[in-house]
Amino acid sequence: AFLPDIAKRALLDLGRAAAHALPRVRALRDHADPAVRVRGALVAWSATGDPDEALPTLLSRLTPRAWAEWPGPRDALDALAAMGAAARAAVPVLRERLDSTPYLALDVAHALWRITEDPVPLRNAILRALATGDAAALTMLRRVGPGDLDYAPALEALAKSDSKLARQLAAEALAYLETTR
């Protein structure tokens, strides 16, 4: 039983009204496909409001083994971010993983920000990724906005980098920040 994204979104939108579908949704947490397990867990949480409906499944996707597999736990990180403060139990694992996996650092930092409301790890991850020429950092900055943090000094320094791509990304980020003032 596969839970397509459209069905997932519909059930998430229904929230607690989707409780009648819980037996089938809960069964998805045992599916062979990790992505289906994550979707089922997120929908179960949305329907009940109980983080225990999702956290065991999502935390199981944050193991070193899952981290090593492509695409890694990006789906679980997105689900944890969607849960916000309800996913507090994942914070220690996320903090541990923040600097250990560069290709997922933005996703980890985003989840931490949504859970803890602390923007500093996300800002730092965005700046590190921009410095390495990772265009996903610019996308993330546009997605979350600058908030109360001042990115300009670090971006101005990055605009003088030896890396042409880093300079270009810094210039684009600075231009974006101008539009948010």
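Everything in this summary refers to the structure shown in the same document. (Residues numbered from 1 in each chain as written. Predicted model: local features only at pLDDT ≥ 70, side-chain atom pairs only at ≥ 80, totals over all residues. Heavy atoms only, no water.)

### Structural notes on helix H8 (residues 105–116)
- Spanning twelve residues, H8 covers 16 Å between terminal C-alpha atoms, matching the ideal 16 Å at 1.5 Å per step.
- A large share of H8 lies buried, amounting to nine of its twelve residues.
- Those residues of H8 not exposed but buried are Ala105, Leu106, Asp107, Val108, Ala109, His110, Ala111, Leu112 and Ile115.
- Here the buried face of H8 lies against helix H5 (64–68), helix H6 (74–83), helix H7 (91–97), helix H9 (120–131) and helix H10 (136–144).
- Residue Glu117 follows H8 closely and has a positive phi angle near 65°. (Helix = DSSP H or I, 4+ residues; strand = E, 2+ residues; numbered from the N terminus. Expected span 1.5 Å × (residues − 1). Buried < 20%, exposed > 50% of the residue type's maximum accessible area, 1.4 Å probe, protein only. Contact = heavy atoms within 4.5 Å.)

### Thoughts on the layout of surface pockets
- There is about 170 Å³ of room inside the largest pocket.
- Every residue along the wall of the largest pocket is listed here: Leu98, Asp99, Pro102, Ala105, Leu106, Ala125, Arg128, Ala129, Thr132 and Asp134.
- Taken together, the elements giving at least two residues each to the lining of the largest pocket come down to H8 and H9.
- The biggest single contributor to the lining of the largest pocket is H9, with three residues.
- Of the residues assigned to the lining of the largest pocket, the class counts are six nonpolar, one polar and three charged. (1 Å grid on protein atoms, 1.4 Å probe; cavity = no way out; pocket = protein on both sides within 12 Å on 5 of 7 lines; lining within 4 Å. Points joined across faces, edges and corners; volume = space filled by probe spheres on them. Nonpolar A, V, L, I, M, F, W, Y, C, P; charged D, E, K, R; others polar.)

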